[in-house]
Amino acid sequence: MNSIYSILFAIILASSNLLSADYMLEDFKKDIESYNKPKSVEAYEVNGVFFQKDEAGITLMGKIFFMKNFRNEYLCAYFKGEMNFSLYPPVKYEREQLVKVDEEEYFEKDLSEAFFFFIDDFKSFIEQNGTKINPTQGDLDGMNGDFVLGLKKFLIGKKSGTANPNIGDVLLNYRQGYFQTVFKDDKRYWFYTFSPYDQEEVLLGYGIESTLYDDGVFGVVNFDRKEDYSLRDQDRVRRMSLDYDVVSYDMDIEIDKDLELHGDVKMTTHSDSTIFRWTYFRIDPVFTIDTIYVNGVMQKFDFVQQYGLITLYMGEDQKLDNDIRFIYHGKVLNRIQDFIEIRSFTGWYPTTSLLYYEPSIYKMNFKVPDNYKFVAPGKRISEREDDDHYYSSWVTDSNAIHTTFSMGPYRTSTLEKEGMPEIDLYFYNYGNIKETELDLAQSYQFYSGLYGDLGFDRIYATEIYSGHGQAFSNFLHLSFANFAMGSSANEEEMVSFVSHEMAHQWWGGGMKPLSPRDTWLSEGFAEYSSHLYTQLVLGDNEKFFKLLLKKQQNLIESRKKKDFVPSLIMGTRAGRNYQLLVYEKGCWVNHMLRNLMVDLNTFNEDAYKAMMKEFFQTYKFQRASTEDFKVVVDKYWGDDSQWFFDQWVYGSEIPKYTFSYKYDETENGKHQITCKVKQENVSEGFKMLVPIKIDFGDKGTYRLRVWIDKEENIFKLPVFDMKPEQVVFNDLQSVLCEFEEAKWED
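Residues numbered from 1 in each chain as written. Predicted model: local features only at pLDDT ≥ 70, side-chain atom pairs only at ≥ 80, totals over all residues. Heavy atoms only, no water.

Side note on the packing of aromatic side chains
Heads up, the condition is: Any two rings among Phe, Tyr and Trp, with Trp reduced to its six-membered ring, count as a pair given centres within 6.5 Å; such a pair is stacked if its planes are under 30 degrees apart, edge-to-face if over 60, and tilted if neither. A run of H or I in DSSP becomes a helix once it reaches four residues, and a run of E becomes a strand once it reaches two; helices and strands are each numbered from the N terminus. Burial here depends on accessible area, computed with a 1.4 Å probe over protein chains only, as a share of the maximum for the residue type. Under 20% is buried, over 50% is exposed, and the range in between is partly exposed.
Counted under the stated rule, the structure contains 77 aromatic pairs. Taking 5.6 Å as the distance between ring centres and 20° as the angle between the ring planes, the aromatic pair formed by Y465 and F480 counts as stacked. With Y465 in the loop between β28 (458–464) and β29 (470–472) and F480 in helix α9 (residues 480–485), the pair connects residues that are 15 residues apart, well separated along the chain. Judged by relative accessible area, F480 falls into the partly exposed class, the value being 30%. Summarising the aromatic geometry, the rings of W637 and F644 are spaced 6.1 Å apart at their centres and angled 75° between planes, so their arrangement reads as edge-to-face.

Considerations on the sheet that holds strand β4 (residues 107–118)
To keep it simple, the criterion reads: Pairing between strands requires that DSSP locate at least two bridges from one strand to the other. Orientation is described by lines fitted to C-alpha atoms, with helices fitted over the stretch in contact, and by angles between N-to-C directions that extend from 0 to 180 degrees. Whether two residues are in contact is decided by their heavy atoms, any of which lying within 4.5 Å being enough.
With respect to topology, nine strands assemble into an open sheet ordered β5-β1-β2-β3-β4-β6-β7-β8-β9, the strand pairing being antiparallel. A strand with exactly one partner marks an edge of an open sheet, and here the two such strands are β5 (131–133) and β9 (216–223). Averaged over neighbouring strand pairs, the angle between their axes works out to 25° when direction is ignored. Judged from the five bridges that link them, β4 and strand β6 (residues 179–184) form a sheet pairing that is antiparallel. Across the sheet, A114 pairs through a bridge with F183, a residue of β6. Sheet strands touched by helix α2 (residues 92–102): β4, β7 (189–194), β8 (202–208) and β9. Its angle to β9, the strand with the most contacts, is close to 140°. Most of the contacts of helix α3 (residues 122–129) go to strand β1 (residues 41–53), to which it runs at about 100°, and overall it touches β1, β2 (56–68), β3 (74–87), β4 and β6.

Some details on the pattern of salt bridges
Heads up, the rule is: Salt bridges, as used here, are contacts in which a Lys or Arg side-chain nitrogen is within 4 Å of a carboxyl oxygen on Asp or Glu.
Counted according to the given criterion, the structure contains 29 salt bridges. The closest approach of N and O atoms between R458 and D424, which form a salt bridge, is 2.6 Å. Residue R458 is located in strand β28, and its partner D424 is located in strand β27 (residues 422–427); the two are separated by 34 residues in the primary sequence. A salt bridge links K434 to E437; the shortest N-O distance between them is 3.8 Å. Of this pair, K434 and E437 both sit in helix α8 (residues 433–451), three residues apart, roughly one helical turn.

Focus on the pairing of β28
For β28, the tally of buried residues reaches six of seven residues, placing the bulk of the element in the interior. Sheet topology note: the β27/β28 ladder contains five bridges and is parallel. Bridged to Y426 within β28 is T462. Two elements, β28 and strand β30 (residues 475–479), share five bridges in a ladder whose sense is parallel. Bridge pairing in β30 places Y460 opposite F475.

What to know about helix α11 (residues 520–537)
Applicable threshold: For a helix, the expected span equals 1.5 Å multiplied by the number of residues minus one.
Relative to the 26 Å expected for 18 residues at 1.5 Å per residue, α11 spans 24 Å between its end C-alpha atoms, a close match to the ideal helical length. Judged by how many residues are buried, α11 sits mostly within the fold: 16 of 18 residues are covered. G539 sits one or two positions beyond α11 and adopts a positive phi of about 70°.

Re the sheet that holds strand β12 (residues 278–282)
The four strands are arranged β15-β16-β12-β20 in an open sheet whose pairing can be described as antiparallel. Whereas interior strands pair on both sides, the edge strands pair on one side only; in this sheet they are β15 (301–304) and β20 (351–352). Strand direction decides the pairing type here: β12 and strand β16 (residues 309–313), joined by five bridges, are antiparallel. Looking at β16, one finds that T279 is bridged to L312.

So, unusual backbone geometry
Residue F603 is not a glycine yet carries a positive backbone phi of 60°. Look at N730: it is not a glycine, yet its phi comes out positive at around 60°. Tracing the backbone shows N730 in the loop between β38 (726–729) and β39 (738–741). A residue is classified by how much of its surface remains accessible, and N730, at 5% relative accessible area, is buried.

Some remarks on the side chain of T396
Along the polypeptide, T396 turns up in the loop between β24 (389–395) and β25 (406–408). Residue class for T396 comes out buried when judged on its relative accessible area of 8%. Once residues within four sequence positions are removed from consideration, T396 is found in contact with S360, I361, Y362, M364, P377 and G378.

Brief notes about α8
Note: α-helices contain 3.6 residues per turn, so residues at a spacing of three or four share the same orientation. Taking 1.5 Å per residue as the helical rise, α8 with its 19 residues ought to reach 27 Å, and the 27 Å between its terminal C-alpha atoms agrees with that figure. G452 sits one or two positions beyond α8 and adopts a positive phi of about 115°.

Remarks on the nonpolar core
Definition in use: Side-chain atoms within 4.5 Å link the members of a nonpolar core, which is a set of buried Ala, Val, Leu, Ile, Met, Phe, Trp, Tyr and Cys residues.
Of all hydrophobic cores here, the largest spans 94 residues; its most connected members are W520, F615, F629, F644, Y657, M688 and L717. Considering every element that reaches this core, the biggest residue donor is helix α13 (residues 578–597), with 10 residues. Among all residues touching W520, those that are not within four sequence positions of it are F525, L568, V582, G586, V589, T626, F629, F645 and V649. Y244, I253, Y328 and Y428 belong to the second-largest nonpolar core, a separate cluster that totals 52 residues.

A short note on the pairing of strand β35 (residues 688–695)
Most of β35 sits out of view: eight of its eight residues are buried. Alternating positions in β35 separate into two faces, M688, V690, I692 and I694 on one and L689, P691, K693 and D695 on the other, with burial throughout. Bridge count for β35 against strand β36 (residues 701–708) is eight bridges, and the pairing is antiparallel. The partner of M688 across the bridge, within β36, is I708. The turn linking β35 back onto β36 is made up of five residues, and G697 within it adopts a positive phi angle of 70°.

Topic: the packing of α8 against helix α14 (residues 606–618)
Going by this rule: Reported orientations rely on four angle classes, namely roughly parallel under 35 degrees, roughly antiparallel over 145, roughly perpendicular from 65 to 115, and oblique for the rest.
Two elements in contact, α8 and α14, have axes whose closest approach is 8 Å; the angle formed by their N-to-C orientations is 90°. As the angle between them shows, α8 and α14 are arranged roughly perpendicular. Contacts between α8 and α14 involve G449, L450 and Y451 on the former and, on the latter, K609, M612, K613, F616 and Q617.

Quick notes on the environment of T666
One can find T666 in the loop between β33 (656–665) and β34 (671–680). Between the C-alpha atoms of T666 and D721, which are 55 residues apart in sequence, the distance is 9.9 Å. Residues in contact with T666, not counting those within four places in the same chain, are Q672 and V719.

This is a description of form; function is not addressed.
Shown next, in the form of structure tokens:
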């Protein structure tokens, strides 16, 4: 979510009983245009007034001007004078984000101008603590300065000409409790927002100017409000849709001979208590939106085609249960040689503008040219053909968070094996079909044994004209590169590709992350599952460790860069480092847990396997958080693992170990080994259990774990009758670290 659209695509719903029926999108745009030349102003003078908005402290000394909007309400204000703004994020990983941008953990600015948006008690607070004055013409002229004029470009898109959905949603839906202040230092505009309807209510970001798109806001820090700190994740995290669920989709999709898609999609929504007047949806920008109906009535909407963003007016007759019907068309498919390319695998139908979807049921009817084979997720409940078309109907279970389809001049194969679902493979090239089938079958069987069966009758896997793969419920998109370059059975480049996507049937499909911060539970777990498949099913230890060490090197190198997102818990806010952090570090965290739990004498892994199976079975077809995972870890570890999660999930440090050792012969002819480990690049208190292997060659090995918890660690190993051939620190690549071996120095 850490992009210039991190705020743009937040859909927040609120009670609309205070809304004026005639306050429309056009009125909102007029309000913004009038900010620098307001028609009605109520002014106050304040002298050192201080107030707190969650973790932010604001002190005002000067004049503040409240402006009426077209609804005749005071919902915004301009301040001129001396303002001090301070913020200290309550969690370390968010403070680290501040350091990257502003070089200090404590954010403080002294300013001369600010703007406020509010639907709370801000105005009444100023009335009680300030003195009402009559604004002068000079005061009003001052509002027409560079600060307010510059701010407006973040509120009305200079490219699209439409309202920023963030502040637009606030005012159009009258979100009670909302507060935002905007100010500018010598570098940029800053936006501090408190929104009680957001999943994480407090956000500090800065404005980003774009030459191609509307200017937006980049979120720097984002965290929960104070009163939520003591709550468990499952209690704290409210769905971004705030009781607004998409219960089901009913889709009638026709793809004509020119590959233009014509969609008639009904979205059925339900809310327990919230009625909203305006809401947002998105769809691939290639489409033209013809008509939108709400409960059978045609309604107004604004479509910014450049972004695929739909702002929909829900009408006067709003209900808790609504049917929203979209009629649209566009060229979302293209023929490239023998391939049919889909521009967006999930953008071909309208979705809520959330970055995190809730599960829905998808009922899909497709009509496509009969010279193509067609397949979709879910269960095919009917199919037929006429002279020119192929018709099919599909329905997913209630756990699907999105859907897709594949269409093209495919060849097909079917793999049937006792004790597992039938696997249908749709492909263009014959190159590696048998190997791909083998990987699909073996990985499914392996994960079923490791985590538990999913109960599917059939799985579809299709070749796509893309460099990536993607998993849906009982459905896989596999890159053409897998078929052209080789399967995970014989090519290092694709060693974990098929098995990674299959693992998503469990991690991401079966168990879904609770919030964007928990994405590593999907991607990191799927990635490590694929490595386990490489090691334990394909029996290739060399490739297993090669994959891990490549990730380790990537993380170490990127850790040294200023733009590296440090904490795994940043999740989807990792931006350009999303792959590196969520996939690669998430994979390594899983590996470290596995090696901390393995019995070093017998290599028994029952505890780790039981832990992973229980976690999946507990949250099968549900959402789970990092905290939920820690509870299960503690159970099977037998101790509190908070220190581990603080360092490796919530923390950012990667230690460097310099290892040396020496032999001493005892008086009775035995051998004593003394080890020295220097620990660098981590803060005081960082600790890790690191395995050491004492290798006696063909006479055996001895393994043990030692705590490395200081800058310099000196310790003696047990006394041995024989002199070892080698002492190996960080055996089995058990700890993500930099490593150097040195000669012993007294």
